[in-house]
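Summary of structural features
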Amino acid sequence: MTTTNFPPLVAGNWKMNGTLASLAEVDALKEKLAGVNPACDVMICPPFTLLFPMGERLNDSSIAMGAQDCHWEEKGAHTGDIAAEMIAETGATAVIVGHSERRTDHHETDEIVQKKAAAAHRAGLIAIICIGETIDERKAGRTLDVLSTQIAGSLPEGCNAANTIIAYEPVWAIGTGLTPTPEEVAEAHAHIRKELAAKVSGEEEAARVRILYGGSVKPNNAKELMAVENVNGALVGGASLKADDFFGIISAYL
Ligand code: PGA
């Protein structure tokens, strides 16, 4: 259901997958999207190495491109890191920050995520800020508290519906084939929407912020998940790697 005047977004997070050969999937997706008009925006977030070539491939298409992470500084002595400004140069318009895999693998805290999101805004990119509870937190009945803490800590000053997208991704649903029930998704998204009001300029703006659901979204469950109130699209991992599957998810908006 759409509760925003930005279109819903279906974004594919390729994670550490994809070489030049994988651009064939982008061509296939372009073909599938030609002539159809889904009521959503579509984005692919490839690894850094593919940003420039994919950007060229997407030049003549409505598919947007994002990156998967950025450093918070503009430049400097940070071996192996990429600045938001560098990402913007590739034609990307967004960057994912605070994905649970980064929070776990790279020990990223809310404070770091907040700095990265601010860097995205500084570079003119949309920050797709990921939040979500672990299975232990859910079992302990702490899901909504965890989401509140992550929202309070991970969103920088100056967030609005144009520069910020929230992705609710229960950690236990990522790559596992498990998903929360529609009721659980509805509860989490409504809570996020409510908490957002304090972080953007009030309830009206909070109502316009896109809140994506992520975690084992597949062609066979996308329609049900995307129909949940306050769900404004999906962040898709595994099922975004193949044009057929990704198109199957986008088809929830056809
Ligand atoms: P998944 O990943 O769709 O493979 O569960 C989602 C994500 O991590 O963004």
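Presented here is a report on the structure given in the accompanying data block.

Scoring rules and cut-offs
- Residues numbered from 1 in each chain as written.
- Predicted model: local features only at pLDDT ≥ 70, side-chain atom pairs only at ≥ 80, totals over all residues.
- Heavy atoms only, no water.
- Pairing = 2+ DSSP bridges.
- Helix = DSSP H or I, 4+ residues; strand = E, 2+ residues; numbered from the N terminus.
- Axes fitted to C-alpha atoms, helices over the stretch in contact; angles between N-to-C directions.
- Contact = heavy atoms within 4.5 Å.
- Core = buried A, V, L, I, M, F, W, Y, C linked by side-chain atoms within 4.5 Å.
- Buried < 20%, exposed > 50% of the residue type's maximum accessible area, 1.4 Å probe, protein only.
- Parallel < 35°, antiparallel > 145°, perpendicular 65-115°, else oblique.
- Nonpolar A, V, L, I, M, F, W, Y, C, P; charged D, E, K, R; others polar.
- Expected span 1.5 Å × (residues − 1).

Bringing the sheet that holds strand 7 (residues 210–214) into the picture now. Within the closed barrel, the 8 strands sit side by side as 1-2-3-4-5-6-7-8. Their pairing is parallel. With direction set aside, neighbouring strand axes in the sheet form an average angle of 25°. Taken together, the 4 bridges between strand 6 (residues 164–168) and strand 7 define a ladder with parallel strand orientation. For isoleucine 165, the partnering residue across the bridge sits in strand 7 and is arginine 210. The strands touched by helix 7 (residues 143–154) are strand 5 (126–131) and strand 6; relative to strand 5, the strand with the most contacts, the crossing angle is about 150°.

Glancing now at the nonpolar core. Core analysis: the largest hydrophobic core is formed by 66 residues, its most contacted members being Leu29, Ile166, Ile192 and Tyr213. Here this core gets 5 residues from one element, more than from any other, and that element is helix 11 (residues 243–250). Within the second largest apolar cluster, 13 residues are counted, among which are Ala94, Ile128, Ala167 and Leu212.

One way to put it is that helix 5 (residues 110–122) packs onto helix 7 with a least axis distance of 7 Å and a crossing angle of 45°. Accordingly, the angle class assigned to the pair helix 5 and helix 7 is oblique. Across the interface between the two elements, Asp110, Glu111, Val113, Gln114 and Ala117 of helix 5 pack against Thr149, Gln150, Ala152, Gly153 and Ser154 of helix 7. Within the contact of helix 5 with helix 7, the residues separate by chemical class into 3 nonpolar, 5 polar and 2 charged.

If you check helix 7, its first and last C-alpha atoms are 16 Å apart, about what 12 residues at 1.5 Å a residue would give, namely 16 Å. When we look at burial in helix 7, the residues that qualify are Thr143, Val146, Leu147, Ser148, Gln150, Ile151, Gly153 and Ser154. Turning to helix 7, the residues buried within the fold contact helix 4 (100–105), helix 5, strand 5, helix 6 (135–139), strand 6 and helix 8 (182–196).

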